[in-house]
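Descriptive structure summary
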Amino acid sequence: MSDDKQSIQNTREQDMRSTLPRCDVFEDESGITLLADLPGVPRENLELKVEGDTLLIEGTVQPQTPDGLEAVYAEVRVPRFRRSFTLSRELDSQRIDANLKDGVLTLRIPKAEHAQPRRISVQAG
Amino acid sequence: MYESMLNFPGGLFGEFDRLRRELDDVFGVSGLPSSIRSVAPGAVPAINVGRTPTSVEVYAFAPGMDASKFEVTLDRGVLRISGERPSAIPAQDDKVQVYSRERGTGAFMRAVSLPDDIDPAQVRASYRDGVLMVSIARRESAQPTRISVQ
């Protein structure tokens, strides 16, 4: 393999490296709530995409390092979070509400009106 | 703290990648001494430490905290960061179904031993975007000085 190819592959691998953010997911009658830990990701570095039925969460950690910082010890080595979820059809991806606070992303994905549970009344007769 | 073996977030290849990275973490740094206070990967909060000629910087990745709820102490060269993170998942409720519970909750505490040349009187801590930054100044005597040659 030529050096060129090698370096392209290396950069690609570095581009691809990301950490899975830890998430909580729960559902109630009106929709799904998803919380994702994205420490160090400011609002402008967060990207949320819905493509078809796939929801993609991507965020880059904003380095807040002073000049001349030399790493001594690092548990967070990949400054990038990425995770995708498959949505189901009854969820309304047009009305997702997103909020990022203190490194926690909260997504509220409502169910489409017609998919909300309703009581079917039984006619006596 | 290990993630559930039943979850395959990111698909099979993502999982292989994660395994490779974990193996790297375990064996990749073959033989290098690790801190006696280091913890298993995935512990909350993760900690990075860096230094500049004038300070030691400690970053604790602790999202979803109230800045006033952190307890940061510096005692005999050991910096301790503790706090408690509440759960965001509503308590047991018939109408709520929980699918994933990966975010750590409850009390946590991490300790970092600092180099000898720090000045315990000059410590600053701030919390931004879920990262607690503690900056500890180093003594002037420890800073590099230029010695002029006569």
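Quantities reported herein were computed from a predicted structural model and do not represent experimental measurements. (Residues numbered from 1 in each chain as written. Chains lettered and ligands numbered in written order. Predicted model: local features only at pLDDT ≥ 70, side-chain atom pairs only at ≥ 80, totals over all residues.)

1. Description of the overall build of chain B
Broken down by element type, chain B carries 1 helix and 8 strands. Shown N-terminal to C-terminal, the secondary structure of chain B runs as helices and strands in the order α-β-β-β-β-β-β-β-β. Sorting the 150 residues of chain B into buried and exposed places 22% on the buried side. Once local pairs closer than 6 in sequence are excluded, the contacts in chain B between residues at least 24 apart make up 55%. (Helix = DSSP H or I, 4+ residues; strand = E, 2+ residues; numbered from the N terminus. Buried ≥ 20, exposed ≤ 12 C-beta atoms within 10 Å, placed from the backbone. Contact = placed C-beta atoms within 7 Å.)

2. Some words on the overall build of chain A
The helix and strand inventory of chain A stands at 1 helix and 8 strands. Start at the N end of chain A and walk to the C end: the helices and strands fall as α-β-β-β-β-β-β-β-β. Going through the 125 residues of chain A one by one, you find that 24% of them count as buried. For chain A, restricting intrachain contacts to residue pairs at least 6 apart in sequence, the fraction spanning at least 24 positions comes to 53%.

3. Some words on the interface of chain B and chain A
Taken residue by residue, the interface counts 33 residues in chain B and 33 residues in chain A. Sorting the residues of the side of chain B that touches chain A by element identifies β1 (46-51), β2 (55-61), β5 (97-101) and β8 (131-138) of chain B as the ones contributing at least two each. It is β1(B) that contributes the most residues to the side of chain B that touches chain A, 6 residues altogether.

4. With respect to the sheet that holds β2(B)
Across the sheet, which stays open at both edges, the 5 strands sit in the order β5(A)-β1(B)-β2(B)-β8(B)-β7(B) with antiparallel pairing between neighbours. The open sheet has two free edges, formed respectively by β5 (70-74) of chain A together with β7 (118-128) of chain B, since each of these has just one partner strand. The average angle at which neighbouring strand axes cross in this sheet is 20°, direction not considered. Two strands pair when backbone bridges link them, and β5(A) and β1(B) are joined in this way by 4 bridges, in the antiparallel orientation. Directly across from A:Y73, in β1(B), lies its bridge partner B:V49. (Pairing = 2+ DSSP bridges. Axes fitted to C-alpha atoms, helices over the stretch in contact; angles between N-to-C directions.)

5. Examining the pairing of strand β2 (residues 31-37) of chain A
All names here are of chain A. Of all 7 residues in β2, 6 are buried, a share of seventy percent or more. In this sheet, β2 lies alongside strand β1 (residues 23-28) in antiparallel orientation, the contact comprising 6 bridges. The residue bridging C23 from the neighbouring strand is A36, located in β2. Hairpin connection of β1 to β2: 2 residues between the antiparallel strands. By the bridge criterion, 7 bridges tie β2 to strand β8 (residues 104-110) in an arrangement that is antiparallel. Counted as the bridge partner of L35 is T106 from β8.

6. Notes on the sheet that holds strand β4 (residues 78-85) of chain B
Residue and element names in this part refer to chain B. Taking strand neighbours across the sheet as the criterion, the 3 strands line up as β3-β4-β6 in an open arrangement whose pairing is antiparallel. The outermost strands of the open sheet, each flanked by one partner alone, are β3 (71-75) and β6 (106-113). Each neighbouring strand pair of the sheet contributes to a mean axis angle of 15°, computed without reference to strand direction. Alignment of β4 against β6, held across 8 bridges, turns out to be antiparallel. Following the sheet pairing, R80 is matched in β6 by A111.

7. Focus on the confidence of the model for chain B
Considering every residue of chain B, the mean pLDDT works out to 79; 71% of them sit at 70 or more. What the predictor reports for the complex is a pTM of 0.74 with an ipTM of 0.76. (pLDDT = per-residue confidence, 0-100.)

8. Some points on unusual backbone geometry
Phi is positive for A:D102, close to 50°, though the residue is something other than glycine. Tracing the backbone shows A:D102 in the loop between β7 (97-101) and β8. On the basis of neighbour count, A:D102 is assigned to the partly exposed category, with 17 C-beta atoms found within 10 Å. Positive phi, close to 45°, is recorded for B:R76, a residue that is not glycine.

9. Some points on the environment of B:Y99
Along the polypeptide, B:Y99 turns up in strand β5. Owing to 12 C-beta atoms within 10 Å, B:Y99 belongs among the exposed residues under this scheme. If sequence neighbours within four positions are ignored, B:Y99 has contacts with A:V25, A:F26 and A:E27.

10. Describing the environment of A:D92
All names here are of chain A. Mapping D92 onto the fold places it in the loop between β6 (80-86) and β7. With 16 C-beta atoms packed within 10 Å, D92 lands in the partly exposed category. Between the C-alpha atoms of D92 and P79, which are 13 residues apart in sequence, the distance is 31 Å. For D92, the residues in contact, after removing those within four places along its chain, are P110, K111 and A112.

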